[in-house]
Amino acid sequence: VEKFQQRLGPIGLQVREMTGDMSLTAKEMAATHVIVTVPEKYDVLTRNSSSGGGSSDTGLLSQVQLLIIDEVHLLNEDRGAVIEAIVARTFRFQETSGNYVRVLGLSATLPNYGDVAQFLRVNERNTFHFGDEYRPIPLERTFIGIHADSYFQRVSRFNEMCYDKVWESVKAGHQVMVFVHSRADTAKTADALIKMAEEKEQISRFTGPAMEAKGYHESKFQMQKSRNQKVNGLFMKAFGMHHAGLLRQDRNVVEKAFLNGSIRVLCCTATLAWGVNLPARTVIIKGTDIYNAQKGGFDNLGILDVLQIFGRAGRPGLDTQGNATLITGHKTLDHYLRMLTHQAPIQSQFEKNLPNSLNAEIAMGNVTNEKEAADWLQYTYMFVRMYKTPQVYGITQADFEADPTLEKFRRKIIGVAADDIYRAKLIRKDNVKHNANYNSTDLGRVAAKFYCTWQTVATFCSKDKFSVGLHENMDDASVLALFGRATEWEQLKVREDEIHELEAFAASKEICPVPIKGGVENVWGKVATLVQVYLSRQFVESFSLVSDTNYILQNASRLFRCMFEITLTRTASMSKLSDKLLEWCKMVERRIWAPQFGHHTLRHFVYPPTIAQTGDKTLEQRDGGTLKEMIVRKLERGGQKYQYWSLIDFDKPNLTSIVGDRASAGAVHAYLRRIPWLDIEKKVQPITSTIMRISVTLKPSFDWSSRWSGMTEPFIIWVEDPDSNDILH
């Protein structure tokens, strides 16, 4: 984003990032010319801003004129299904609306580029393939197979071989990247290499060039500001570590230190090869065993990952050659040599995610029956691969002869996916024999809107004896336990070194006022604990827990909103639960506990506002920007009798007797009037025995502050029956 903004800024173009970490308001979006985003975010934006296509659509799809998909070989990964969904949506929209969109795919590792060109509808004249001969720097590849009898012997030999290759490069004055396959292994490998360098009295050949680097002192200063002592300790030895579990600012500091030469050897995970352009003269892949959460065990590192990492060897303009080394077990050496000489084509992963993608298209109104769904599949990469590798999909020669367009087969797999989402009550379908009609349910629309998998929504709504979903008598502990059972958390695991810290958090009523169901040794218990730790603004020691908390928070708001809107669709006896879930949505979005957990509503003003600020110079800016925490603590000690509804009618002298001085009383008086509050007048008129008219007049009864409320302050109004807790409207 920085590079694009530097290049395009001078000609008046605005470039913005839109990922899990960054979001844009509608106003910022309108002023932006180039959006850099991830496939999942773009999928959400085009689902929820589109009215289904056609010339009347004013959503994002109608404004996009060029779609660039970098690393298009991700089609081979689970995330590839999202790329297929957005490309299919783009081309179908183009056909219905007449809005022409250019689509460009880029990849450095794409064996069957012709298939991807066909999927992106690129003709042969506009398909460009650059072989190794186009590489600006020649690449020397080395493959080493290690035989070892025991685990410890294996670890030792891998480290020794790795050090030999590192030393070879460092003594020639080059930098090295060592890729490992777990976060913990980055530090372990760096420690092992440092130990060997010290034993061989060669460490000065690492630290000397690092200290002479141009940006060394700036990097050292930034490192010392980091609270990650491990990163700082490695830096002093000219080593670095980098993985997704580090805080974003720590990752940035490490990347800059490697770029300026202050770090000579960087031990990192494969995420660095995909996301950040950090080339080095020498690249080493240490080991090829990678943990696969779905299989619950170890798997071989994918060939595309190997090629991607190898692509980082050699810095254009600085090196005349790149060196890439793969160190693997003796048994798997042959497998990698074979794969690299006869590269395996990338396959589609769309079928795994078909139910979710189908539900989104039905919810948008783009697909209304089985035939339309089968036609929609023609826009996917899976359709291209069905013809190239029919055996992968169980298609025989006889099937081709009987059905050259594969329409029957496409209808069959659509039927299986539709049955899944029908059982989860995301769609309604009739049983017309040759062309079943599909209609989205409220539940299906909620799932598509909040990007929830059909399995998660099924979990939230389940009524079997093993897993009880949303029900009228849920307490807060049950809400958090259910939230923690979403399929989005499948990849999280409870690590042994985290349990002590998690148990300490869970045991504290101050930090976790809601009890943890099932204990912290379960994933849902860990999720429930970390949500409360975040709300209580507690310091987290373990860096893996910091990373997991960030991941949970990226998804927490939409999942709580999904649960809340599900209760609005299930109106019977749900009003109390809807109210509870809305409180959880607000708590997570504003990072503050609700009054029923012992916190005062005025605590909102103790922390800087979480919304975008505008330029109104008001009381809180003269008063240092926020309300003093000690004032709010005094009010909290008074319990419910000092809550907002009790204090709002107090004058300043009365408030002075509570908080102790006139200045504080004046601040409390002003801030109480900043809390959004509506006076409601209603008129109820029975029309028939089953129909009544309710007229509602809403009057804002608070002082508006765009610093605290942003551009708008949303309210949800519903009518409920207090006897049955039914939501009537």
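Residues numbered from 1 in each chain as written. Predicted model: local features only at pLDDT ≥ 70, side-chain atom pairs only at ≥ 80, totals over all residues. Heavy atoms only, no water.

**Focus on the nonpolar core**
In this structure, Leu358 and Trp584 are the most contacted members of the largest nonpolar core, which totals 116 residues. Of all the elements, helix α26 (residues 543–569) adds the most residues to this core, at 10 residues. Setting aside residues no more than four positions away along its own chain, Trp584 makes contact with Asp476, Val479, Leu480, Val514, Val531, Leu535, Phe560, Trp593 and Phe597. Counting residues in each nonpolar core, the second largest holds 61 residues, with Ile146, Met177, Ala187 and Val253 among its members. (Core = buried A, V, L, I, M, F, W, Y, C linked by side-chain atoms within 4.5 Å. Buried < 20%, exposed > 50% of the residue type's maximum accessible area, 1.4 Å probe, protein only. Helix = DSSP H or I, 4+ residues; strand = E, 2+ residues; numbered from the N terminus. Contact = heavy atoms within 4.5 Å.)

**Quick look at the packing of aromatic side chains**
What the rule picks out here adds up to 22 aromatic pairs. For the pair Phe483 and Phe560, a centre-to-centre distance of 4.2 Å together with 5 degrees between the ring planes defines the contact as stacked. In this pair, Phe483 sits in helix α23 (residues 476–483) while Phe560 sits in helix α26, placing the two residues 77 residues apart along the sequence. Owing to a relative accessible area of 0%, Phe560 belongs among the buried residues under this scheme. With centroids separated by 6.4 Å and ring planes inclined at 40 degrees, the aromatic side chains of Phe564 and Trp718 adopt a geometry described as tilted. You can see Phe564 sitting in helix α26 and its partner Trp718 sitting in the loop between α33 (706–709) and β17 (720–721), a full 154 residues away along the chain. By relative accessible area, which is 1% here, Phe564 ends up buried. (Phe/Tyr/Trp six-rings, centres within 6.5 Å; stacked < 30°, edge-to-face > 60°.)

**Some points on the sheet that holds strand β9 (residues 282–286)**
Through backbone hydrogen bonds, the strands of a sheet pair up, either in parallel or in antiparallel fashion. Strand order in the open sheet formed by six strands is β5-β12-β9-β6-β8-β7, and the pairing between neighbours is parallel. Edge positions in the open sheet fall to β5 (139–146) and β7 (239–242), since each of these has one partner strand only. Strand-to-strand twist across the sheet, computed as the mean angle between neighbouring axes with direction ignored, equals 15 degrees. Pairing between β9 and strand β12 (residues 322–329): five bridges, direction parallel. Paired with Ile284 across the two strands is Thr325, which belongs to β12. In the packing of helix α14 (residues 303–310) onto the sheet, contacts are made with β5, β6 (176–179), β9 and β12, and the angle to β9 comes to roughly 155 degrees. (Pairing = 2+ DSSP bridges. Axes fitted to C-alpha atoms, helices over the stretch in contact; angles between N-to-C directions.)

**Topic: the side chain of His181**
Assignment of secondary structure puts His181 in the loop between β6 and α8 (183–199). A distance of 2.4 Å separates a polar side-chain atom of His181 from the backbone oxygen of Gly287. Discounting residues that sit within four places of it in the chain, His181 has contacts with Ile285, Lys286, Gly287, Thr288, Asp289, Ile290 and Leu301. (Polar contact = N/O pair within 3.5 Å; in protein donor to acceptor, adjacent residues only side chain to side chain.)

**Quick look at the pattern of salt bridges**
Within the structure shown, the criterion is met by 33 salt bridges. For Arg79, the salt bridge is made with Glu40, and the minimal N-O distance between the two is 2.9 Å. Here Arg79 is found in the loop between β3 (66–69) and α5 (80–97), whereas its partner Glu40 is found in helix α3 (residues 39–49), with 39 residues between them in sequence. Classification of Glu40 by relative accessible area gives partly exposed; the value is 21%. Linking Asp43 and Arg47 is a salt bridge whose minimum nitrogen-to-oxygen distance equals 3.4 Å. Of this pair, Asp43 and Arg47 both sit in helix α3, four residues apart, roughly one helical turn. Arg47 shares its class with Asp43; the two are buried. Where salt bridges share partners, they join Asp43, Arg47, Arg89 and Glu361 into one cluster. (Salt bridge = Lys/Arg side-chain N within 4 Å of Asp/Glu carboxyl O.)

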